[in-house]
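Descriptive structure summary
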Amino acid sequence: MTDLSADLVQQKQRLREKLRFRRKHFAANLDAMAQLAAFRALPAPLSDLLADHAVVGAYVAWGDEPDILPMFAGVAGAGALALPHHAARIDAMDFRRWRPGEPLAKGPWSTQQPADDAALAIPDLIFCPLVGFDRHGGRIGQGGGHYDRYFAAHPGILRIGVGWSVQEIDATPRESTDIALDAILTEQEFILCGDRL
């Protein structure tokens, strides 16, 4: 690892710590009404977008991440929802189909995921959690690179980051392996990045 990439890794780690702290306190201090309203309905541009796509990738919230599954009740009921799945503590991640009411299993990274025998799926668009973001599509994730590798292997998939508005920063430090988002959804706004949407 060069000094430059080592410095970027350290920069990102410092930002992750700061942004996780910010996210934790923001989520803990949301009043009951705001919690009830946040991420419960898709903004109109996203509703239209979902109507044109067969499989939507989402995630099961972990810790202070926004819980987005209620937004996709109709999609999930139709069997068109897929969630991340990790077979082991390895670099690879895939997506497997899931419907509300089906059991979730504890994955190797302690996140909830579909059962190992759930059907594989390649989503047309993916809503992914983030630790930090900027308005140019920059994303800071958990640090494992799972989403970036998946996006690199499936470049045609539309990528929408999901986070609380307090997770926004001016610019994310980017490595060559970081894949830009097409849009970001917060509890306050839908931000378009780039020209794919």
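Fair warning: this is a prediction, and the values are worked out from it, not measured in the lab. (Residues numbered from 1 in each chain as written. Predicted model: local features only at pLDDT ≥ 70, side-chain atom pairs only at ≥ 80, totals over all residues. Heavy atoms only, no water.)

Attention now moves to the pairing of strand S7 (residues 125–129). Among the 5 residues that make up S7, 5 are buried, leaving the element largely enclosed by the rest of the structure. Residues Leu125, Phe127 and Pro129 of S7 are buried on one face, and the alternating residues Ile126 and Cys128, pointing to the opposite face, are buried as well. Where strand S1 (residues 56–57) lies against S7, 2 bridges are found, and the strand directions are parallel. Within S7, the residue paired with valine 56 across the bridge is leucine 125. Direction of pairing for S7 relative to strand S10 (residues 158–162): parallel, over a ladder of 5 bridges. Bridging across to S10, proline 129 finds its partner in valine 162. (Buried < 20%, exposed > 50% of the residue type's maximum accessible area, 1.4 Å probe, protein only. Helix = DSSP H or I, 4+ residues; strand = E, 2+ residues; numbered from the N terminus. Pairing = 2+ DSSP bridges.)

Among the 5 residues of S10, 5 are classified as buried, and the element is accordingly described as predominantly covered. Residues Leu158, Ile160 and Val162 of S10 are buried on one face, and the alternating residues Arg159 and Gly161, pointing to the opposite face, are buried as well.

Strands sit in the order S6-S3-S2-S1-S7-S10-S11-S12 across an open sheet of 8 strands; the sheet is mixed. Looking along the sheet, the strands with just one partner apiece sit at the ends: strand S6 (120–121) and strand S12 (190–192). Packing of helix H3 (residues 44–51) onto the sheet brings it into contact with S1, S7, S10, strand S11 (183–185) and S12, and relative to S7 it is tilted by some 135°. Where helix H5 (residues 146–153) meets the sheet, it contacts strand S2 (81–85), strand S3 (94–97), S6, S7 and S10, and its direction lies at approximately 165° from that of S7. (Contact = heavy atoms within 4.5 Å. Axes fitted to C-alpha atoms, helices over the stretch in contact; angles between N-to-C directions.)

Looking now at the side chain of serine 165. Looking at the element boundaries, serine 165 is found in the loop between S10 and S11. In this structure the side chain of serine 165 is engaged in a polar contact, spanning 2.6 Å, whose partner is the side chain of glutamate 187. Once you skip the residues sitting within four places of it in the chain, serine 165 turns out to touch Phe26, Phe133, Thr186, Glu187 and Gln188. (Polar contact = N/O pair within 3.5 Å; in protein donor to acceptor, adjacent residues only side chain to side chain.)

Below, the discussion takes up the packing of aromatic side chains. By the definition in use, this model includes 5 aromatic pairs. Between phenylalanine 39 and tryptophan 164 the ring centres are 5.3 Å apart and the planes differ by 75°, which places this aromatic pair in the edge-to-face class. With phenylalanine 39 in the loop between helix H2 (32–37) and H3 and tryptophan 164 in the loop between S10 and S11, the pair connects residues that are 125 residues apart, well separated along the chain. Note on tryptophan 164: relative accessible area 7%, which makes it buried. (Phe/Tyr/Trp six-rings, centres within 6.5 Å; stacked < 30°, edge-to-face > 60°.)

Below, the discussion takes up unusual backbone geometry. In this model, phenylalanine 39 sits at a positive phi of 55°, which is unusual for a non-glycine residue. For phenylalanine 39, a relative accessible area of 6% gives the class buried. Of note in the backbone geometry, serine 110 takes a positive phi value of approximately 70° without being a glycine. Tracing the backbone shows serine 110 in the loop between strand S4 (104–106) and strand S5 (112–114).

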